[in-house]
Amino acid sequence: MRKSEIIRKTRETDIKLNLNLQGGEYEISTGCGFLNHMLELFAVHSSFGLKVNCVGDTEVDFHHTVEDVGIALGQAYYAAIGDKRGIARYADIILPMDEALILCAVDVSGRGYLNFDVELPSAKVYDGEDEVKIKKVGAFDTELIEEFFIAFTREAKITLHFKKLYGKNTHHIIEGVFKAFARVLSSASKIVSDSLPSSKGVL
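Throughout this description, residue numbers start from 1 for each chain and increase along the sequence as written. Thresholds applied to this predicted model are a pLDDT of at least 70 for local features of residues and 80 or more for the giving and counting of side-chain atom pairs; totals over whole chains, interfaces and linings are not thresholded and use all residues. For side-chain calculations, the full set of non-hydrogen atoms in the structure is used, while hydrogens and water are omitted.

Before going further, it helps to examine the pattern of salt bridges. Salt bridges are counted wherever a side-chain nitrogen of Lys or Arg sits within 4 Å of a carboxyl oxygen of Asp or Glu. Applying the stated rule across the entire model yields 8 salt bridges. Arg89 is paired through a salt bridge with Asp107; the nearest N and O atoms lie 2.6 Å apart. Here Arg89, found in the loop between helix 2 (63-81) and strand 5 (90-97), pairs with Asp107, found in strand 6 (residues 100-107); they are 18 residues apart in sequence, far enough to count as distant. With respect to class, Arg89 is no different from Asp107; both count as buried. The buried label goes to any residue with under 20% of its type's maximum accessible area, the exposed label to any with over 50%, and the partly exposed label to all in between, with areas taken from a 1.4 Å probe on protein chains only. For Asp107, a relative accessible area of 10% puts it in the buried group. Among the charged side chains, a salt-bridge network with shared partners connects Arg89, Asp107 and Arg111. What counts as a helix is a DSSP run of H or I of at least four residues, what counts as a strand is a run of E of at least two, and both are numbered from the N terminus.

Given below as structure tokens:
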């Protein structure tokens with residue numbers, strides 16, 4: 001059926017997530033505006049149907065919400081892709097987002113591995129007279145982007161590479177990462193034959 005539902009409840013987050021690799025509408029509510037935006041981009045550019053509802057301990061910070069949504073999405077993808085028979089398996093893209101340029105490549109390999117070579121610039125703020133560098137987009141800690149993809153690749157059991165070729169604006173860079181991720185995962189998940197794309201006979 002190439003679709004799945006994940007219900008995941010812990011003391012930190014309560015998540016219900018539906019994924020349909022064949023397409024559909026998207027509805028995203030995580031309690032974190034920036035994560036909502038990135039998941040909407042993912043849904044649009046992958047053409048996957050995606051519904052996410054997460055209630056998390058955002059009064060602490062966004063860490064648990066971001067990581068746990070990554071876990072749930074990875075589990076949903078692994079369930080939806082099934083035995084991988086007939087899929088393209090590999091895909092890559094070099095995606096521009098204004099001044100940012102992101103390389104992304106994927107192997108739906110059955111092996112969870114992430115290479116995240118994406119430097120995210122620090123913002124300069126002033127604490128009184130002193131300059132302080134922080135890694136945030138608004139209230140969102142940008143280090144959580146890598147945490148999201150670590151969680152996803154571990155659960156989805158895919159090999160995923162990112163490299164920032166250019167980029168100065170942090171929002172543009174992260175947006176480019178999610179758009180590139182969506183495009184390669186969609187391409188790699190497409191049914192292109194009736195055979196398993198592995199000389200081993202298993203993925």
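Before going further, it helps to examine the packing of aromatic side chains. Aromatic contacts are taken between Phe, Tyr and Trp rings whose centres are within 6.5 Å, Trp giving its six-membered ring; a plane angle under 30 degrees counts as stacked, one over 60 as edge-to-face, and the others as tilted. Taken as a whole, this structure holds 13 aromatic pairs when the rule is applied. Measuring from ring centre to ring centre gives 5.1 Å for Phe42 and Phe181, while their planes differ by 20 degrees; the resulting arrangement is stacked. Residue Phe42 is found in helix 1 (residues 33-46), and its partner Phe181 is found in helix 4 (residues 170-189); the two are separated by 139 residues along the sequence. Note on accessibility: Phe42 and Phe181 belong to one class, buried.

Every axis corresponds to a line fitted to the C-alpha atoms, with the helix fit spanning only the stretch in contact, and the corresponding angles, defined between N-to-C directions, vary from 0 to 180 degrees. Their axes nearest at 11 Å, the elements helix 3 (residues 144-156) and helix 4 cross at an angle of 20 degrees. On the basis of the axis angle, helix 3 is roughly parallel to helix 4. The handedness of the crossing between helix 3 and helix 4 is left-handed. Note on element contacts: helix 4 touches helix 3 through Ile174, Val177, Phe178, Phe181 and Leu185, opposite Ile145, Phe148, Phe149 and Phe152. Class assignment for the residues of the contact of helix 3 with helix 4 results in 9 nonpolar, no polar and no charged. Orientation is classified from the angle alone, with under 35 degrees giving roughly parallel, over 145 giving roughly antiparallel, 65 to 115 giving roughly perpendicular, and any other angle giving oblique. Rotating anticlockwise by less than a right angle from the far helix to the near helix defines a left-handed crossing, while the corresponding clockwise rotation defines a right-handed one. Note on contacts: a residue pair qualifies if any of its non-hydrogen atoms lie within 4.5 Å across the two residues. Gly is put with the polar residues, along with every residue not named as nonpolar or charged; the nonpolar set is Ala, Val, Leu, Ile, Met, Phe, Trp, Tyr, Cys and Pro, and the charged set is Asp, Glu, Lys and Arg.

At a closest axis distance of 8 Å, the pairing of helix 1 and helix 4 adopts a crossing angle of 35 degrees. The handedness of the crossing between helix 1 and helix 4 is right-handed. Contacts from Phe34, His37, Met38, Leu41, Phe42, His45 and Ser46 of helix 1 reach helix 4 at His171, Ile174, Glu175, Phe178, Lys179, Phe181, Ala182, Arg183, Leu185 and Ser186. Among the residues forming the contact of helix 1 with helix 4, the class breakdown is 9 nonpolar, 5 polar and 3 charged.

Topologically, Phe140 is positioned in strand 11 (residues 140-141). Its relative accessible area of 2% is what places Phe140 among the buried residues. Along the sequence, Phe140 and Gly33 sit 107 residues apart, while their C-alpha atoms lie 8.8 Å from each other.

Here 4 strands make up an open sheet; going across it, the order is 1-2-4-3 and the pairing mixed. In this open sheet, the two strands that pair with only one neighbour each are strand 1 (3-9) and strand 3 (26-29). Direction aside, neighbouring strands of the sheet carry axes that sit 5 degrees apart on average. Bridge count for strand 2 (residues 13-20) against strand 4 (residues 49-56) is 8 bridges, and the pairing is antiparallel. Opposite Leu17, over in strand 4, you have Val52 as the bridge partner. Relative to the sheet, helix 2 contacts strand 1, strand 2 and strand 4, its axis offset from that of strand 2 by approximately 35 degrees. What makes two strands pair is DSSP finding at least two bridges between them.

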